[in-house]
Amino acid sequence: MEQKLLFQNARVVDPSQQLDAVCDVLCQDGRIAQLAPRIPACADMEVIDASGLILAPGLVDLHTHLRDPGFTEKEDVLTGSYAAAAGGVTTLCAMPNTSPACDTPETVRYVLQKAKNAACRVLPVGAITKGLSGETLTDMQALAESGVCAFSDDGVPVATAQLMAQALENSARLSLPIFAHTEDRTLSRGGIVNAGVWSEKLGVAGIPNAAEDVGTARELALFMNAPRGARLHICHVSTAGSVSMLAAAKAAGLSVTAETCPHYFIFDEEKLSLLDADYRMNPPLRTKKDRAAIEQALLDGTLDVIATDHAPHTPQEKADFRTAPNGVIGMETSFSASYTALVETGKLSLSGLLERMSCRPAKILGAGGGTLQVGARADLFLFDPNEWWTVDPDRLHGRSKNCVFKGCRLRARVKLTVCGGRIVYKA
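Residues numbered from 1 in each chain as written. Predicted model: local features only at pLDDT ≥ 70, side-chain atom pairs only at ≥ 80, totals over all residues. Heavy atoms only, no water.

(A) Structural context of the overall build of the protein chain. For the protein chain, the helix and strand inventory stands at 12 helices and 18 strands. Along the first, second and third principal axes, the C-alpha atoms of the protein chain reach 65 × 45 × 45 Å. In the protein chain, buried positions account for 61% of the 427 residues. Considering only residue pairs separated by 6 or more positions, the protein chain has 74% of its internal contacts joining residues 24 or more positions apart. Working note: accessible area of the protein chain is about 15,800 Å², and carbon and sulfur atoms make up 50% of it. Between the centroid of the 42 positive side chains of the protein chain and the centroid of its 48 negative side chains there is a distance of 2 Å. (Helix = DSSP H or I, 4+ residues; strand = E, 2+ residues; numbered from the N terminus. Buried < 20%, exposed > 50% of the residue type's maximum accessible area, 1.4 Å probe, protein only. Contact = heavy atoms within 4.5 Å. Areas by Shrake-Rupley, 256 points an atom, 1.4 Å probe, with all protein chains shown as cover. Lys, Arg positive; Asp, Glu negative; His and termini not counted. Charge placed at Lys NZ, Arg CZ, Asp CG, Glu CD.)

Next up, the structure:
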């Protein structure tokens, strides 16, 4: 029998309905069954008094790495879903840089089978090229039929413009988006931090802004000439130059979308002074000017979405600043960090934040979620906007601890998450 959940006295904030009001919400048979000022409780319902709390559509994270199959000592589908649920995420996209890569229907089916027991919806992203090698396109038709939500070679850029152009043609035919990792590796190869003051101070190779900017320019040029119906989404934007190009493309009517991550609008390269590999990711933390440009682009809509690029690594891998792999975890902290940086400071409304973390990413995927409309999937989370908490990596719910917000005091704590009408996390 399906669980019936009745939330009473919640402040319900749902940008998809321009709703911000105190009311009750009934979830039944995995769907939003009713939303009204007062809903009578029945004996067969679990009643949750949400007085003083905010209820919102579940977050949709377009960019995560679950390391499954192949690297499950770092994370797997289930542990990643626990971290997601604890952060209010009810749908996530799992990137294909696993071992084997998610480049065959068999691997897609493996992920989907494991996801049946997950604490959130896990949607696999199919590889654009076989083995992410940049040499031969995958059978994108077969991957689409097996259940991928998008295509990407994330972790590395698609090696040639010709292959990306073909991928965009397939995107139009299959009606699935391309998630583009924009990087020119001839410019970034060997770099481990932003090129500039800190790479020179530390005596290490740097990753210049131009590496991302050239990659962004290539993808926008290809998209401009792609068949009608192609869909392009730019991943983890970190530079003022990419922001400028995206703004110009949108002003010219190009229907490109783009994301950034909380660390790019909260931190800058000064964090490298700590010589802590948990502040190393690709693209890297940039300058103060870049950070300000990313924040402004998020506020004005040039950047559509906040994602996490959740990238777990073991403590042993992250122990040495110079040799550690790039990547940081983020699903459990992304909402609170973004709320603290943007809503608490008055730069963005709560509705605006939820638009960027739930409604817009759900629209980009087209797979449901991102709304509390009656009849929609019962994907939602409940949080306390007044609770402050300090991030302790050892108390997070994923397998790895390489958290970029460790030690930070954040506001707005997730208290309960519901996915498909089922409680999957309770603080």
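(B) Main features of the layout of surface pockets. Its volume calculated, the largest pocket comes out at about 550 Å³. Taken together, the residues of the lining of the largest pocket sort by class into 7 nonpolar, 15 polar and 7 charged. In this model, the second largest pocket occupies a volume close to 240 Å³. Along the walls of the second largest pocket sit 18 residues, with P157, V158, A159, E183 and R185 positioned nearest its centre. (1 Å grid on protein atoms, 1.4 Å probe; cavity = no way out; pocket = protein on both sides within 12 Å on 5 of 7 lines; lining within 4 Å. Points joined across faces, edges and corners; volume = space filled by probe spheres on them. Nonpolar A, V, L, I, M, F, W, Y, C, P; charged D, E, K, R; others polar.)

(C) Spatial organisation of the packing of aromatic side chains. Scanning the entire structure with this criterion turns up 7 aromatic pairs. With a centroid separation of 6.2 Å and an interplanar angle of 85°, the aromatic rings of F267 and Y279 are classed as edge-to-face. Of this pair, F267 sits in the loop between helix 9 (262–266) and helix 10 (288–300) while Y279 sits in the loop between helix 9 and helix 10, placing them 12 residues apart in sequence. Classification of F267 by relative accessible area gives buried; the value is 10%. The positively charged end of K271 is found above the aromatic ring belonging to F267, 4.8 Å away from the centroid. In this arrangement the basic side chain of R280 is found over the ring face of F321, its NZ or CZ atom lying 5.9 Å from the centre. (Phe/Tyr/Trp six-rings, centres within 6.5 Å; stacked < 30°, edge-to-face > 60°. Lys NZ or Arg CZ within 6 Å of the ring centre and 35° of its normal.)

(D) Here's a closer look at helix 2 (residues 105–115). Within the sequence span of helix 2, burial applies to P105, T107, V108, V111 and A115. The arc enclosing the buried residues of helix 2, seen along the axis, measures out at 165°, which places them on a common side. For helix 2, the elements touching its buried residues are helix 1 (77–86), strand 8 (121–127) and helix 3 (140–146). (Arc of directions from axis to C-beta.)

(E) Here's a closer look at empty space enclosed by the protein. This structure, assessed with the given rule, holds 5 cavities of 30 Å³ or more. The volume enclosed by the largest cavity comes to roughly 60 Å³. For the largest cavity, the full set of lining residues is E75, A83, H310, I329, G330, M331, E332, T333, L396, G398, S400 and C403. Looking at the lining of the largest cavity, its residues break down into 5 nonpolar, 5 polar and 2 charged.

(F) Inspection of the packing of helix 4 (residues 161–174) against helix 7 (residues 209–224) at higher detail. Viewed as axis vectors pointing N to C, helix 4 and helix 7 meet at an angle of 45°, and their least axial separation amounts to 10 Å. The angle between the axes of helix 4 and helix 7 places the two elements in the oblique class. Between helix 4 and helix 7 lies a crossing whose hand is right-handed. Residues A161, M164, A165 and L168 of helix 4 pack against R218, E219, L222 and F223 of helix 7. In terms of residue class, the contact of helix 4 with helix 7 is built from 6 nonpolar, no polar and 2 charged. (Axes fitted to C-alpha atoms, helices over the stretch in contact; angles between N-to-C directions. Parallel < 35°, antiparallel > 145°, perpendicular 65-115°, else oblique. Left-handed = near helix turned anticlockwise from the far one by under 90°.)

(G) Region of the structure containing the pairing of strand 1 (residues 5–14). Here strand 1 lies mainly inside the structure; 7 of its 10 residues are buried. Of the strand pairs in this sheet, strand 1 and strand 2 (residues 19–28) are connected by 8 bridges, and their pairing is antiparallel. Pairing of L6 across the sheet is with L26, part of strand 2. Where strand 1 hands over to strand 2, the hairpin turn is made up of 4 residues, of which Q18 adopts a positive phi near 50°. Taken together, the 2 bridges between strand 1 and strand 5 (residues 54–57) define a ladder with parallel strand orientation. Directly across from R11, in strand 5, lies its bridge partner I54. (Pairing = 2+ DSSP bridges.)

(H) Spatial organisation of the environment of H236. One can find H236 in the loop between strand 13 (232–234) and helix 8 (240–251). When the C-alpha atoms of H236 and H263 are compared, they prove to be 10 Å apart, with 27 residues separating the residues in sequence. One polar contact links H236 to D154, side chain to side chain, over a distance of 3.2 Å. (Polar contact = N/O pair within 3.5 Å; in protein donor to acceptor, adjacent residues only side chain to side chain.)

(I) Examining the state of the cysteines more closely. This structure, assessed with the given rule, holds 0 disulfides. Cysteine C23 shares no disulfide, and the gap to the nearest cysteine sulfur, in C27, comes to 12 Å. Of the residues examined, C23 reaches a relative accessible area of 5% and is grouped as buried. (Disulfide = S-S within 2.5 Å.)

(J) Unusual backbone geometry, seen in detail. Each neighbour pair has its own omega, and for D68 with P69 the value is 15°, a cis peptide bond. With respect to the secondary-structure elements, P69 resides in the loop between strand 6 (59–64) and helix 1. Residue P100 is bonded to the preceding S99 through a cis peptide linkage, with omega at 5°. Among the structural elements, P100 can be located in the loop between strand 7 (89–94) and helix 2. Of note, the phi angle at H236 is positive, near 25°, even though the residue is not glycine. For H236, a relative accessible area of 2% corresponds to the buried category. Residue L275 is not a glycine yet carries a positive backbone phi of 50°.

(K) Local environment of helix 8. The first and last C-alpha atoms of helix 8 sit 16 Å apart over 12 residues, in line with the 16 Å expected at 1.5 Å per residue. In this fold, the buried residues of helix 8 make contact with helix 7, strand 13, strand 14 (257–260) and helix 10. Among the residues trailing helix 8, G253 stands out with phi positive, at a value near 95°. (Expected span 1.5 Å × (residues − 1).)

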